[in-house]
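Below are the chains, spelled out letter by letter.
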Amino acid sequence: MSAVALAALIVERQPCVVLTGAGVSTESGIPDFRSPTGIWAEVDPFEVASIQAFRRDPARVWRFYSQRIDLLRSAEPNAAHVALADLERRGLVEAVVTQNIDTLHTRAGSRDVVEVHGSIRSAQCLGCLWTEPAEGVLVQLEENDVPSCPRCGEVLKPGVVMFGELLPADAMERATRLARGAGLLLVVGSSLEVWPVAGLPLEARSFAIVNRGPTALDDEAELKVDAGAGETLSAVLEALGDG
Ligand SMILES: [Zn+2]
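Now for a look at the structure at hand. (Residues numbered from 1 in each chain as written. Predicted model: local features only at pLDDT ≥ 70, side-chain atom pairs only at ≥ 80, totals over all residues. Heavy atoms only, no water.)

**A few points about the overall build of the protein chain**
Argument step 1. Looking only at helices and strands, one finds nine helices and nine strands in the protein chain.
Argument step 2. Computed over its C-alpha atoms, the radius of gyration of the protein chain comes to 18 Å, within 12% of the 18 Å expected for a compact globule of 243 residues.
Argument step 3. Once the C-alpha set of the protein chain is aligned to its principal axes, its extents read approximately 55 × 35 × 30 Å.
Argument step 4. Residue burial in the protein chain is summarised as follows: out of 243 residues, 51% are buried.
Argument step 5. Within the protein chain, counting contacts between residues at least 6 apart in sequence, those at least 24 apart form 62% of the total.
Argument step 6. When the accessible surface of the protein chain is totalled, it reaches about 11,300 Å², and 51% of it is carbon and sulfur. (Helix = DSSP H or I, 4+ residues; strand = E, 2+ residues; numbered from the N terminus. Rg over C-alpha atoms; globule rule 2.2 N^0.38 Å. Buried < 20%, exposed > 50% of the residue type's maximum accessible area, 1.4 Å probe, protein only. Contact = heavy atoms within 4.5 Å. Areas by Shrake-Rupley, 256 points an atom, 1.4 Å probe, with all protein chains shown as cover.)

See the structure below:
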């Protein structure tokens, strides 16, 4: 029933912009961060994923990220990623704003993806701001603890936003513009705990949430579906029929 109601909202409240978090990728075998079985239950993010830790001990941070990159690159898009790409092709989703760094939306076929926390697609030089593709980084990591810039020799940093860093201004501006223009902002797989992204739904004319478990904005949502992303979005497509 709720998937039918959600499908109707998506059609009625165009344009629809989607905001995704870790919950959209857990069905691809990628652990989330904040649940009891999440990554931050195992390791302290300030030791392995903060800019302070990176400046102190880049080798330790790269050990953590090289494992993450291996896992994320071997993961496959799931039914939720595929459904969102399908909705975009049908003209029912304008863009996907994602907190995920795994690139699975793009690999599933979504064309307009705004990665507000960066991605594993590349690493960045802290000296000259050169962007090095992941392939080059992985080759270097086979030999060295810390990859370096092919242009100036400085240390390369994973192309993801770390704790203690600001979000990329251009991506965040685009995300905010999209949210403000949205008739419906559809949150999928985010508990809306991480600011400033968690504030985006409040910028839209209305918003709906698909998430297992409570979120910070459940009470204000037009519709809340407490279920998995894959099953819910597949049911939405089914409710929409062939189109
Ligand atoms: Zn450089």
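**Focus: helix α9 (residues 229–240)**
Argument step 1. Compared with an ideal rise of 1.5 Å per residue, which puts 12 residues at 16 Å, α9 spans 16 Å between its outermost C-alpha atoms and is within 8% of the ideal.
Argument step 2. Looking at the buried side of α9, the elements it contacts are α1 (2–12), α5 (79–89), β7 (184–188), β8 (207–210) and β9 (223–225).
Argument step 3. Two residues or fewer after α9 comes G241, characterised by a positive phi angle close to 75°. (Expected span 1.5 Å × (residues − 1).)

**Overview of the coordination of the zinc ion**
Argument step 1. Coordination of the zinc ion by the protein comes from C125 (SG), C128 (SG), C149 (SG) and C152 (SG), over a distance range of 2.3 Å.
Argument step 2. Considering all four donor atoms around the zinc ion, angles at the metal cover 98 to 117° and the coordination shape is tetrahedral.
Argument step 3. Counting residues between consecutive donors of the zinc ion along the chain gives the motif C-x2-C-x20-C-x2-C. (Donors = N, O, S within 2.8 Å, 3.2 Å for Na, K, Ca; no water. Tetrahedral: all angles 85-135°; square planar, octahedral: opposite > 155°, others 65-115°.)

**Let's talk about the environment of P147**
Argument step 1. Along the polypeptide, P147 turns up in the loop between α7 (134–143) and β6 (156–160).
Argument step 2. Owing to a relative accessible area of 0%, P147 belongs among the buried residues under this scheme.
Argument step 3. For the pair P147 and K157, spaced 10 residues apart in sequence, the C-alpha to C-alpha distance is 8.2 Å.
Argument step 4. Beyond its immediate chain neighbours, meaning those up to four positions away, P147 contacts W62, V137, Q140, L141, E154, V155 and L156.

**Section: the layout of surface pockets**
Which parts of space are left empty comes out when a probe the size of a water molecule is rolled across the atoms.
Argument step 1. Space inside the largest pocket adds up to approximately 1,000 Å³.
Argument step 2. Lining the largest pocket we find 47 residues, and of these G21, A22, D32, F33 and R34 sit closest to its centre.
Argument step 3. A per-element tally of the lining of the largest pocket places helix α4 (residues 58–74) first, with four residues.
Argument step 4. Split by residue class, the lining of the largest pocket holds 24 nonpolar, 15 polar and eight charged.
Argument step 5. Put simply, the second largest pocket is a space of about 440 Å³.
Argument step 6. The wall of the second largest pocket is formed by 22 residues, among which G118, Q124, G159, V161 and P168 lie closest to the centre.
Argument step 7. Every element with two or more residues in the lining of the second largest pocket is listed here: β3 (113–115), β4 (118–125), β6 and α8 (169–181).
Argument step 8. No other element matches β4, which puts six residues into the lining of the second largest pocket.
Argument step 9. Taken together, the residues of the lining of the second largest pocket sort by class into 12 nonpolar, six polar and four charged. (1 Å grid on protein atoms, 1.4 Å probe; cavity = no way out; pocket = protein on both sides within 12 Å on 5 of 7 lines; lining within 4 Å. Points joined across faces, edges and corners; volume = space filled by probe spheres on them. Nonpolar A, V, L, I, M, F, W, Y, C, P; charged D, E, K, R; others polar.)

**As for the pairing of β7**
Argument step 1. Taking burial as the measure, the five residues of β7 include five buried ones, the bulk of the element.
Argument step 2. Neither face of β7 is open: one carries L184, L186 and V188, the other L185 and V187, and all of them are buried.
Argument step 3. For strand β1 (residues 16–20) and β7, the ladder comprises five bridges, and the chain directions are parallel. The residue of β7 that forms the bridge with C16 is L184. (Pairing = 2+ DSSP bridges.)

**Notes on the pattern of salt bridges**
Argument step 1. On inspection of all chains with the given rule, the structure shows 13 salt bridges.
Argument step 2. Note that R56 is salt-bridged to E47, the shortest N-O span being 4.0 Å.
Argument step 3. The partly exposed category is assigned to E47, whose relative accessible area is 31%.
Argument step 4. Residue R107 is joined to E76 by a salt bridge in which the shortest nitrogen-to-oxygen separation is 3.6 Å. With R107 in helix α6 (residues 104–108) and E76 in the loop between α4 and α5, the pair connects residues that are 31 residues apart, well separated along the chain.
Argument step 5. Overall, R107 belongs to the partly exposed group, its relative accessible area being 38%. (Salt bridge = Lys/Arg side-chain N within 4 Å of Asp/Glu carboxyl O.)

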